[in-house]
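An overview of the molecular structure
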Amino acid sequence: MRQSSRTTLAGLTGRPIRSIDVVTEQVDLGRGTLGTIATALHVRTRPSTVRRQLRFAVGDTVDTLRIAESLRRLRQRRYLADVEVEGTSCSGTDAVDLVVRTRDAWSTKAEVSMNSSSGGGTAGTTNQSSGTSSTVGLEERNLLGSGRGAKLYVRSFGSRLGAGVLLDDPWFLGSAYSAQLGSDSYRDGADLRLRLAKREQSMFDVWGSSLTMARGIRKVPGADTLRRDAASLLVTRRLGSGEDVDQVTSAIFGVEGELTRLVAAPGAALVGPAFAARRLVAIDLGMRRRTVRYDTLTWLLPGAAIVDVPLGVEGEVVAGAGWDMAAGAPALHLDAWGGRAWLPNVGSLLTTDIWSSGYLTGGAWRAGNVRGAVTYRRNAKRGSWTTRLSAERLFAPDPDTHALIADDPTTSILTDRLRLSQTAVAVGLERSVRLRGLTRSWALVGAAFVAASLREDAAGYSPEMLTLGVAGLGLRAAPRRAGRGTFRLDVGYPIAGSSIVPRRFYLGLSVSPSFDQSRHRSGVDY
């Protein structure tokens, strides 16, 4: 009996595993001269690198959850183009021989990206927490076939231009921990980020831990000045035991510290106060809930790529209770996310999410944010329909928080001052059509869209809410595998709205994250 699958081996459930072989296939870049040379230069992924992601071993029985989780983890590795498992058993025995096959992707990539964010004040960074940044760089995702990564890049953020490096070691010094180290240098400051976390063997792990540290300094006469230093140590402990469950719940506890001082430039357009200061030490308590059940879709991305969809309610809440020495008062730091994904019927996906973060100090909510989104996607001929409703509310935001709802197509026509809002609601409808393949990793997609937004006019142009409706066409560079964002080029025109909105065609460049990239609390950087 032989069975192969890219998702699980349900037909062999319960049979003992006699052997496990790993076969890694070389990247195939074509038969041309350049393709032949590039293929020869590529270092194939080591079988040991793949084995480290497997959640089953010789002597275990075939468990569909563990095999599915292993294949899901391997699909998330961006240096692999495909993965499947094959099980073989001979007549007269229940024992199964497994072969895990992977095919490499070209792992050295030129990165050209744009990213948008909508506030929240990420600790330890000197960039504004809202706006658009552009990055050009070179990334190696699979150094010598080891699964380790390194990236060199140049990044612009508004008028700021800097260079950075990011190192990623999933098996730090051969230990049970993973490590990430990043550094950005600008003319007016620098950022430094470090994350060290216990490598997860399975979502059923009893214990987990992570240490994060960040520093950001920015200081130029006449401009915004800030300093952010933050550190946290969190430990997770699974509640309950056994693996015959649909959800895994873990308790979170630890400590955190933060030193933040921000002063807005004279005359800067602001939503909240012009000055913010925090010197917080707190004890953290929280809860995390993760689903064990997944389903797969093949219509969401071009090329019938497999997309893993978690089924059920998930979320994470961390509350830090302590003392803010800058305010001389007790303080509570909240960081939370909760969401759920549904497959209402064949060919549809519905996701709902809510985020909240901020500081309760002296009875006042500061640097606060509450945001929610509902997204419905529906399969259609050669493409899909997408409908999205988003809403956001800021409370006394830090001076470097300037925009709301980064996934709102109407923001491209608004000036920075018109984007100043404490409350915003946006809705959009898009029909996408796959046009052609661009590379092995990307496809060209066309789109038609309509979108509308409602914003509180915090800039003071009008005592009324700012309204805007737009319609337009766009081109998309859509990924052919999960976990990557979509590059958007939109041409639109306002079809309705407040009189102060410019009546002209606009060109918008942005990146839409994949459906699962932002589904975590804001204090977690995956």
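Here's what I pulled together on the structure shown here. Because the structure is predicted, anything quoted here is derived from the model rather than measured.

Here's the deal with the pattern of salt bridges
- The tally for this structure, following the rule as stated, stands at 27 salt bridges.
- For D335, the salt bridge is made with R521, and the minimal N-O distance between the two is 2.9 Å. With D335 in strand β18 (residues 329-342) and R521 in the segment after β26 (506-512), this residue pair connects regions lying 186 residues apart in the sequence. One exposure class covers both D335 and R521, and it is buried.
- A salt bridge links R455 to D408; the nearest nitrogen and oxygen atoms lie 3.6 Å apart.

A few points about a nonpolar patch on the surface
- Taken together, the side chains of L152, V165, L167, L181, L192, L194, L211, M213, L233, V255 and I283 present a nonpolar region at the surface, about 920 Å² in accessible area.
- Those elements that provide at least two residues to the nonpolar patch are β8 (160-169), β10 (189-198) and β11 (207-218).

Thoughts on the pairing of strand β17 (residues 312-324)
- In terms of strand pairing, strand β14 (residues 275-291) meets β17 through 10 bridges, oriented antiparallel. Residue pairing in the sheet places R289 in a bridge with G315 of β17.
- Examined bridge by bridge, β17 and β18 share 13 bridges and lie antiparallel to one another. By the bridge assignment, G312 is partnered in β18 with A341.
- Connecting β17 to the antiparallel partner β18 that follows it, the hairpin turn spans four residues, and G328 within it adopts a positive phi of roughly 65 degrees.

About the cut-offs
- Residues numbered from 1 in each chain as written.
- Predicted model: local features only at pLDDT ≥ 70, side-chain atom pairs only at ≥ 80, totals over all residues.
- Heavy atoms only, no water.
- Salt bridge = Lys/Arg side-chain N within 4 Å of Asp/Glu carboxyl O.
- Helix = DSSP H or I, 4+ residues; strand = E, 2+ residues; numbered from the N terminus.
- Buried < 20%, exposed > 50% of the residue type's maximum accessible area, 1.4 Å probe, protein only.
- Patch = residues over 30% accessible without salt bridge, like charges linked within 9 Å, V, L, I, M, F, W, Y side chains within 5 Å.
- Areas by Shrake-Rupley, 256 points an atom, 1.4 Å probe, with all protein chains shown as cover.
- Pairing = 2+ DSSP bridges.

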